[in-house]
Each structure stands twice: as C-alpha cells, then as structure tokens.
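# Chains, contacts and geometry: an overview
Take a look at the letters that make up each chain.
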Amino acid sequence: MKRFEKHRTWIFYITSMVYLLYMVYAGFRFACNNQSYSALFGPASWIFVLVLFYASPLASLFFISLPPLVMFELMIVFVLVFLVIVPLCNPAGNLWNLIGETTTQIVADNTASEMPAYVSEAIEAGLVSPPPGEENLNLRYSFRILVPIILLCVLVVCVLVVSVIVDITNRQSFINKKIIEALTKQREKTLLQQKE
C-alpha cells in the first residue's frame, strides 16, 4: 500500500476527467435529442429532458468529496454546456425562445374559447371568480416551465456549498488529529522522563 500513497491525488484528476467527459458526451446527445419528448411535454420539453436525463447523474456529486475548486470547475462547465451553449447554439434553434412561444400558445388556447352562458351567469352572480387575464396566465405558465431550471441552478449552488462545508470540516479534523498526536507524544515523553 505504500507504493500508492504518492498517487492518492490521482483519483481527483480521474474523477473530474470522467465527469467532464460525461458532460461532453451528454452535451452532444442533448443537442441532438432535446426535442425527442416534445409530443409528451410540448415545445419546452428540452427542460424536462435536461433535468430528468442529463443532469441527474450529476446529483452523485453530493456524495463525492472532491476539492471545492474541482467541484466549482465541474459546475461551471455544466452550467455553460447545458444552460448556455447548447440551448443557444442548437440545430433546432434557440431553445430559450421556445419557452416564450409555449406560454403564448397555451395562453392563446385557453383564452380563445367562448364561455358558456351558465359560466358567465355564475361569474356575474359572484359564485365563481372570473378566469385570469392573459398576463396572469402568461406568468403562470412561464413560472411552471422555469421552475425546473431554477431548481437545477439551486442544485448547482447546493453542490458547491456542500463541497465547501465538507472541505472545511475535513481540514479541521486533520488539524485536530495532528494536535492530538502531538499531545500524546508529548505526554509519553513526559511520562518517560518521570520514570527515569
């Protein structure tokens, strides 16, 4: 085991390299297959595909104790690849524009229908609240679509904070261990001097 002691830090390089290679692979797949679930989730399906398929393996970084700078590097690359580069430079077009198109389409579908007479009578009588306006609907649907992206950004920040906290506690425990070792050696030395 002594021969591996000088190579212990290699695991940090190997682990970060594997995650970086995964991000490159997943970035290419995400660029090609981001609209594969549009029949199920609509035009903004790329958000759900990103969260469910491509970002989920990065949740394991919560449980891996990597140095904070390595973790910061991984998270910066993740945000750049999946939230900036691929959505903006996509063969299907700008994916961020699909969010606006989706909400506008949903709002137009919901406000285009005429209300039946019994619904308008119930609204006039004060029994039922009137349907929300177009601006309110637009805000609601935009929020529903953007919540997964916001949660993904919160996950990135949480991974960085956990990494820093773990690093601080590891350093404190190492310092405490060295202090205890020094104190026990000093005590043994004083006991030996007292015996003589």
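### Overview of the packing of aromatic side chains
According to the stated counting rule, one finds five aromatic pairs in the structure shown. With centroids separated by 5.5 Å and ring planes inclined at 65°, the aromatic side chains of Phe30 and Tyr54 adopt a geometry described as edge-to-face. Pair noted here: Phe30 is in helix 1 (residues 10–33) and Tyr54 is in helix 3 (residues 45–54), with a separation of 24 residues, a long-range link. Ring geometry for Tyr54 and Phe82: centres 6.5 Å apart, planes at 20°, overall stacked. In this pair, Tyr54 is assigned in helix 3 and Phe82 in helix 4 (residues 68–88), connecting sequence segments 28 residues apart. Each of the two residues, Tyr54 as well as Phe82, counts as buried. By way of ring pairs, the aromatic residues Phe30, Trp46, Tyr54, Phe78 and Phe82 are connected into one cluster.

### Things to note about the packing of helix 1 against helix 3
Close contact between helix 1 and helix 3 brings their axes to 11 Å; oriented N to C, the two are set at 150°. When the axes of helix 1 and helix 3 are compared, the pair comes out roughly antiparallel. As helix 1 packs across helix 3, the resulting crossing turns out to be right-handed. Where helix 1 abuts helix 3, its residues Tyr22, Ala26, Arg29, Phe30 and Asn33 lie against Trp46, Val49, Leu50, Phe53 and Tyr54. Its residues assigned to classes, the contact of helix 1 with helix 3 shows eight nonpolar, one polar and one charged.

### What about helix 1?
Given a rise of 1.5 Å per residue, 24 residues ought to cover 34 Å, and the 34 Å separating the end C-alpha atoms of helix 1 matches this to within 8%. Residues Thr15, Ser16, Tyr19, Leu20, Met23, Ala26, Gly27, Phe30 and Ala31 constitute the buried set of helix 1. Along its buried surface, helix 1 packs onto helix 3 and helix 4.

### Concerning helix 4
Look at helix 4: 28 Å from first C-alpha to last across 21 residues, which is about the 30 Å you get at 1.5 Å a residue. In the structure, helix 4 departs most strongly from a straight axis at Val81, where the bend amounts to approximately 35°. Taken together, the buried positions of helix 4 are occupied by Val70, Met71, Leu74, Met75, Phe78, Val81, Phe82, Leu83, Val86 and Pro87.

### Some words on the nonpolar core
Formed by 33 residues in total, the largest nonpolar core has its most connected members in Phe30, Trp46, Leu50, Leu61, Leu74, Phe78 and Phe82. Every element with two or more residues in this core is listed here: helix 1, helix 3, helix 4, helix 5 (95–111) and helix 7 (134–195). Top element by residues in this core is helix 4. It accounts for nine residues.

Procedures and definitions
- Residues numbered from 1 in each chain as written.
- Predicted model: local features only at pLDDT ≥ 70, side-chain atom pairs only at ≥ 80, totals over all residues.
- Heavy atoms only, no water.
- Phe/Tyr/Trp six-rings, centres within 6.5 Å; stacked < 30°, edge-to-face > 60°.
- Helix = DSSP H or I, 4+ residues; strand = E, 2+ residues; numbered from the N terminus.
- Buried < 20%, exposed > 50% of the residue type's maximum accessible area, 1.4 Å probe, protein only.
- Axes fitted to C-alpha atoms, helices over the stretch in contact; angles between N-to-C directions.
- Parallel < 35°, antiparallel > 145°, perpendicular 65-115°, else oblique.
- Left-handed = near helix turned anticlockwise from the far one by under 90°.
- Contact = heavy atoms within 4.5 Å.
- Nonpolar A, V, L, I, M, F, W, Y, C, P; charged D, E, K, R; others polar.
- Expected span 1.5 Å × (residues − 1).
- Bend = angle between axes of the 7 residues up to and from the residue.
- Core = buried A, V, L, I, M, F, W, Y, C linked by side-chain atoms within 4.5 Å.

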